[in-house]
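Breakdown of the fold
These are the residues of each chain, in order.
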Amino acid sequence: MPEGDSVYQAAARVRTAFEGKVIAHCQFRVPRFATVDLSGRTVESVRSVGKHHLIDVGDDLSIHTHLKMEGAWHVHPIGTKWRRPAFHARLVLRTDTHEAVAFEMGICEMLTDADGALAYIGPDLLGPTWDTDVAVANLMRDPDRPIGLALLDQHLMAGVGNVFRCEACFLRGVDPRRKVADVDIPAMVDLCHRLLQANRSRIRTTTGVNVNGKRYYVYGRGRKPCFRCGTPISRDFLGEDDSEERVLYHCTRCQT
Ligand SMILES: [Zn+2]
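Reading the values: rules and limits
- Along each chain, residues carry numbers from 1 onward, in the same order as the chain's sequence is written.
- Only residues with pLDDT of at least 70 are given local features in this predicted model, and only at 80 or more are side-chain atom pairs given and counted; all residues enter the totals for whole chains, interfaces and linings.
- Hydrogens and water are ignored here; the side-chain numbers use all heavy atoms of the structure.
- Distances define the donors: N, O and S atoms within 2.8 Å of the metal qualify, as do those within 3.2 Å of Na, K or Ca. Water is excluded, so some sites may look unfinished.
- Think of it this way: with four donors and all angles in the 85 to 135 degree range, the site is tetrahedral; with four or six donors, opposite ones beyond 155 degrees and the rest between 65 and 115, it is square planar or octahedral; otherwise it is irregular.
- Helix and strand assignments follow DSSP, with helices taken as H or I runs no shorter than four residues and strands as E runs no shorter than two, numbered in order from the N terminus.
- Relative accessible area decides the class of each residue, using a 1.4 Å probe on protein chains only: under 20% of the type maximum gives buried, over 50% gives exposed, and in between gives partly exposed.
- UniProt positions are given in the numbering used here, feature names are shortened, and annotations may be inferred rather than shown by experiment.
- Pairing between strands is defined by DSSP: at least two bridges between the two strands are required.
- What counts as an axis is a line fitted to C-alpha atoms, over the stretch in contact for a helix, and the angles between N-to-C directions run from 0 to 180 degrees.
- The criterion used for residue contact is that any of the two residues' heavy atoms lie within 4.5 Å.

1. Details of the coordination of the zinc ion
Donor atoms from the polypeptide that bind the zinc ion are Cys226 (SG), Cys229 (SG), Cys251 (SG) and Cys254 (SG), placed at 2.2 to 2.4 Å. Taken together, the four donor atoms surrounding the zinc ion define angles of 99 to 114° at the centre, an arrangement classified as tetrahedral. Here the donor residues for the zinc ion map to a single chain with the spacing C-x2-C-x21-C-x2-C. Here Cys229, found in the loop between α6 (185-198) and β9 (234-237), pairs with Cys251, found in the segment after β10 (247-250); they are 22 residues apart in sequence, far enough to count as distant. Residue classification places Cys251 among the buried positions, given a relative accessible area of 0%.

If you want it as structure tokens, here you go:
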């Protein structure tokens, strides 16, 4: 499940190999962009905006990808065996020495004026222009909305996915169905900011324990005992039927 931190890390990997380098080979495996050839262009910057990944290639043009459920950017020296099937690749980029492959992207497209196109996105928890006050004000605009849904709304604040939504609510002792009006929003926003910042350059954990099965308090732990109180973690649903982030994990005793 990609969240702001995993997209941030993907951008860092692509940036290390590609920023300032000339694209020697470019192949979109998406019908709409199959004829686009960016070879000869220099990669000006590689960055993340919330859960969106941008590779700026000059003339206000950017490669825009969104990882959605299964997407991943793999970066390696040319000649390395791919770790996913070739038919999952949506874009292949190469410099003289390195290759970046975008696998199973939810979005893989060329954008003109990416910043304009993504202007609807709220303050990015990992972005250079993060603004706590704007994020707090955005979240408080709809006081009747469940906090567990508001935290996922990228228009309000960008970077929180299902893992951080579940974990932040647990750490604040808040039932994800509680109304925004009944939640300490500045404290919740501050916690999300600290969680994302702490995880931008490590294997994700909210417990601080880097061991399988112990990285999170509630996420992915349905029916297992709560680390704090022993109550089986509840797994149910919150949100739209077609939402990929509707599965909710919480402790009914610790979160009220
Ligand atoms: Zn508990």
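Once you've had a look at it, read on.
2. A few points about the UniProt feature "domain: Formamidopyrimidine-DNA glycosylase catalytic" (unreviewed entry) in the protein chain
On the UniProt side, "domain: Formamidopyrimidine-DNA glycosylase catalytic" (unreviewed entry) is annotated at positions that read residues 2-127 here. The annotated region residues 2-127 carries 15% helix and 35% strand content, and the separation between its end C-alpha atoms amounts to 16 Å.

3. Quick look at the sheet that holds strand β1 (residues 25-28)
Taking strand neighbours across the sheet as the criterion, the four strands line up as β1-β6-β7-β5 in an open arrangement whose pairing is antiparallel. Either end of the sheet is taken by a strand with one partner, and the two such strands are β1 and β5 (72-77). Averaged over all pairs of adjacent strands, the angle between strand axes in this sheet comes to 15°, irrespective of strand direction. In this structure, β5 lies alongside strand β7 (residues 98-103), joined through six bridges in antiparallel fashion. Paired with Pro77 across the two strands is His98, which belongs to β7.

4. Concerning the sheet that holds strand β3 (residues 52-56)
Working definition: the strands of a sheet are paired by backbone hydrogen bonds and lie parallel or antiparallel to each other. If you trace the four strands from one edge of the open sheet to the other, you get β2-β3-β4-β8, paired in antiparallel fashion. Only two strands of the sheet have a single neighbouring strand rather than two, namely β2 (45-49) and β8 (107-112). If you compare each strand with its neighbour and ignore which way they point, the axes differ by 25° on average. The sheet contact formed by β2 and β3 spans five bridges and is antiparallel. Of the residues in β3, the one forming a bridge with Ser45 is Asp56. On the sheet, helix α1 (residues 4-18) packs against β2 and β3 and is oriented at approximately 180° with respect to β2.

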